[in-house]
Protein chains: 2
Amino acid sequence: MTTTETFHIPIPVHVDETMMKEHFLTDVSINSVLFSYHDEKLHVLLLRLTTSDHFMLPGGFIKKEEDVDEAAIRNLEEMTGLDQIYLQQFYVAGNAGRTCDPNALDAFKKFGLQKIEQWLTDRKVSVCYYALVNSPELQLKVNEAIICEIKWTPVEELPPLLFDHQMVIDKAIRRLQLDMDRKVISTYLLNETFTMPELQKLYEAVYQEKLTRSNFQRRMLNLDILERLGKRHDGGSHRAPYLYRFNPSKIEMVLN
Amino acid sequence: MTTTETFHIPIPVHVDETMMKEHFLTDVSINSVLFSYHDEKLHVLLLRLTTSDHFMLPGGFIKKEEDVDEAAIRNLEEMTGLDQIYLQQFYVAGNAGRTCDPNALDAFKKFGLQKIEQWLTDRKVSVCYYALVNSPELQLKVNEAIICEIKWTPVEELPPLLFDHQMVIDKAIRRLQLDMDRKVISTYLLNETFTMPELQKLYEAVYQEKLTRSNFQRRMLNLDILERLGKRHDGGSHRAPYLYRFNPSKIEMVLN
DNA sequence: CCAAAAGTGTTCAACCTACACCCATGC
DNA sequence: GCATGGGTGTAGGTTGAACACTTTTGG
């Protein structure tokens, strides 16, 4: 999946409400805000049922014998094929009316999800995670049934969303900003090696503000977790920037 | 309730499992870590069933038509009679095995809670809040049935706890520490007026470390949210400290 | 007058900000 | 050589830690 196309993933529809109730917790769900950084922008992964104009966050349910954290991981794996992802619980969306979105109801109905439509729009308390993905190339795994659209969207261009997902994303961004200052989670959003200007652009995308080049450089170097490697020349008519890498042994201490 | 005695509150037992399932969400619960500050120590409110040696956090369940935040507030009100409390969601305890605590099962059984024993030890995802209470004087409201012990416990002297409540308290303290630096929540733990040494001792209790007197004073004054009132002399053979008050108009901006 | 507690001042280092200057590269 | 982008240095301000000094009060 490139960063500009949209893609289609299948979601299973052979399930019915009885099956869901048997295997899953009935009034808890999971929603994940997947962040990815590319094209100098912070992106969020969104889904759209083909029967709706509105997008939504990926999510899932918790098996009865499964930890909530496990369920969040399983969910991401099922959807993206990725398993070494930074995952952080950050919020519980618990308003009683949050699943009563007529747009969602309508979309589910048209979509042919009658068998679990009730289940999907029943009152749910949603445990929200944010996840950091350094590559937007998703290995899609789900192999059955109906198709929906999946898309990386820049955070400053979010379309209308179902349920309370706009608010959930806002909270996720706020939390990501706070965590960026306390932990060294930029590792999870970049390739293994990167230049200082690239790192700076990531910070600018997350905080949605410009930073001063020279001061940013010093700040990062003072953290004492960067290893300077060789230089990398991109063919541009300017000086070649150094490549850096996060020093794994030093990061552990900072990662809470 | 003074700060040294333990107290007994009644909890209702006329309910049975069918009633619970009809009115409440089945696999979500709430736990609250109530913090109070007195005797120069940070305290947590703990309950103990008279049939157990182990203490536990107060908690409750969520009505089907009720927001989770509302439920947390209702819960606190029912238990303490207090309604202007600072309440902050901070964690979801979601491990599958967390409610399988043989000590708890045993205590519930002996306690005569057969009718909802199954309900109480069924797998539950717990939304955890911390709350700030500036007065340990609780107005107890619940008026029926069985008695259990309720006690303010200094955080450095926590007894053995049921379920995963020790871990929940640890996380609550960590979160409280982070929040103390970002917001001005000390208001909720002190009387309206206080002296600088009193404020310092609160910080020392929360961070569990000594702070330098002169620097602490400057730091607090530089926040520009304190109003200096008169002096207060306690009869001690030393200089009388000033009284301070948080300036309500300036606090709002800092309270997120 | 002394001890104890509270308030204030001084110094030093760390760090942030702004801005200037130097280096490498392609056209 | 010059525009562009990257790297480094410097001056000024702010912040925080450590510690010394002063003020108030009771015995």
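To be clear, the structure that these remarks concern was listed above.
Residues numbered from 1 in each chain as written. Chains lettered and ligands numbered in written order. Predicted model: local features only at pLDDT ≥ 70, side-chain atom pairs only at ≥ 80, totals over all residues. Heavy atoms only, no water.

## Observations concerning the protein's contact with DNA strand D
Around DNA strand D, the structure places 22 residues, and the nearest of them are Arg213, Ser237 and Arg239 of chain A together with Ser214 and Arg239 of chain B. Across the atoms of DNA strand D situated within 4 Å of the protein, the share located in sugar and phosphate is 52%. A distance of 2.9 Å separates a base nitrogen of DNA strand D from a polar side-chain atom of Asn215 of chain B. Side-chain polar atom of Arg218 of chain B to a base nitrogen of DNA strand D: 3.4 Å apart, as the coordinates give it. Per-element accounting of the surface near DNA strand D gives the leading share, 4 residues, to helix H7 (residues 213-222) of chain A. Its residues assigned to classes, the surface near DNA strand D shows 4 nonpolar, 12 polar and 6 charged. (Near = heavy atom within 4 Å. Polar contact = N/O pair within 3.5 Å; in protein donor to acceptor, adjacent residues only side chain to side chain. Helix = DSSP H or I, 4+ residues; strand = E, 2+ residues; numbered from the N terminus. Nonpolar A, V, L, I, M, F, W, Y, C, P; charged D, E, K, R; others polar.)

## What about the pairing of strand E7 (residues 125-133) of chain B?
Residue and element names in this part refer to chain B. Judged by how many residues are buried, E7 sits mostly within the fold: 9 of 9 residues are covered. Residues Val125, Val127, Tyr129, Ala131 and Val133 line one face of E7 and the alternating positions Ser126, Cys128, Tyr130 and Leu132 line the opposite face, and both faces are buried. Pairing of strand E2 (residues 24-38) with E7, which is carried by 9 bridges, proceeds in the parallel orientation. Following the sheet pairing, Ser32 is matched in E7 by Tyr129. Pairing of strand E6 (residues 86-93) with E7 involves 7 bridges; the strand directions are antiparallel. Among the inter-strand pairings, Gln89 is bridged to a residue of E7, identified as Tyr129. (Buried < 20%, exposed > 50% of the residue type's maximum accessible area, 1.4 Å probe, protein only. Pairing = 2+ DSSP bridges.)

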